[in-house]
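Each chain, written out:
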Amino acid sequence: MKNVTNTIAAAAIATLLASTTASAEDLPFLGTWDCEVAIFTFTPTTYNTGSEDLLVEEVQEGSDGSYTLLFADDYFITLSGFTGDSMGWFSEASGDNFSCTRIVAQK
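Note that the coordinates shown come from a computational prediction; the quantities given were computed from them, not determined experimentally. (Residues numbered from 1 in each chain as written. Predicted model: local features only at pLDDT ≥ 70, side-chain atom pairs only at ≥ 80, totals over all residues. Heavy atoms only, no water.)

### Description of the environment of Pro-28
- Within the fold, Pro-28 resides in the loop between helix 1 (2–20) and strand 1 (31–34).
- Here Pro-28 falls in the partly exposed class, since its relative accessible area comes to 26%.
- Along the chain, Pro-28 and Leu-79 lie 51 residues apart, while their C-alpha atoms are 9.5 Å from each other.
- For Pro-28, the residues in contact, after removing those within four places along its chain, are Trp-33, Tyr-67, Phe-82 and Arg-102. (Helix = DSSP H or I, 4+ residues; strand = E, 2+ residues; numbered from the N terminus. Buried < 20%, exposed > 50% of the residue type's maximum accessible area, 1.4 Å probe, protein only. Contact = heavy atoms within 4.5 Å.)

### Some words on the side chain of Ser-66
- By secondary structure assignment, the location of Ser-66 is in the loop between strand 5 (58–61) and strand 6 (67–70).
- Reaching out from Ser-66, the side chain makes a polar contact with the side chain of Asp-64 at a distance of 2.6 Å.
- Setting aside anything within four residues of it in sequence, one finds Ser-66 in contact with Gln-60, Glu-61, Thr-78, Leu-79 and Ser-80. (Polar contact = N/O pair within 3.5 Å; in protein donor to acceptor, adjacent residues only side chain to side chain.)

### Topic: the environment of Thr-49
- With respect to the helices, strands and loops of the structure, Thr-49 is situated in the loop between strand 3 (46–48) and strand 4 (53–55).
- Classification of Thr-49 by relative accessible area gives buried; the value is 18%.
- In sequence terms Thr-49 and Ala-38 are 11 residues apart; their C-alpha atoms lie 7.2 Å from each other.
- Residues in contact with Thr-49, not counting those within four places in the same chain, are Ala-38, Ile-39, Phe-40 and Leu-54.
- There is a polar contact of 3.3 Å between the side chain of Thr-49 and the side chain of Ser-51.

Keep in mind these numbers describe shape, not what the thing actually does.
Okay, structure coming up:
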């Protein structure tokens, strides 16, 4: 009986986590952004800081429409305030906060 209870609990936790994690096709921050200090590029799996690629371990969507990207070593950033081609970028670790404007590729 204990194994059944553990299995049910694990399934419930997995369902909860899946419901709080955004799917790649719904991510408004994908693309290239001018964020005042550097050009940042986001894919579903990486974040380029302008000088290095960081592997995105998880994306969590907040109830306010923000997205928190989690990386190795407990580092994370939050992207928010999506209006057209702009967003806010925030790092709790550094306290930095930038206004970003989407860079549209020239055809």
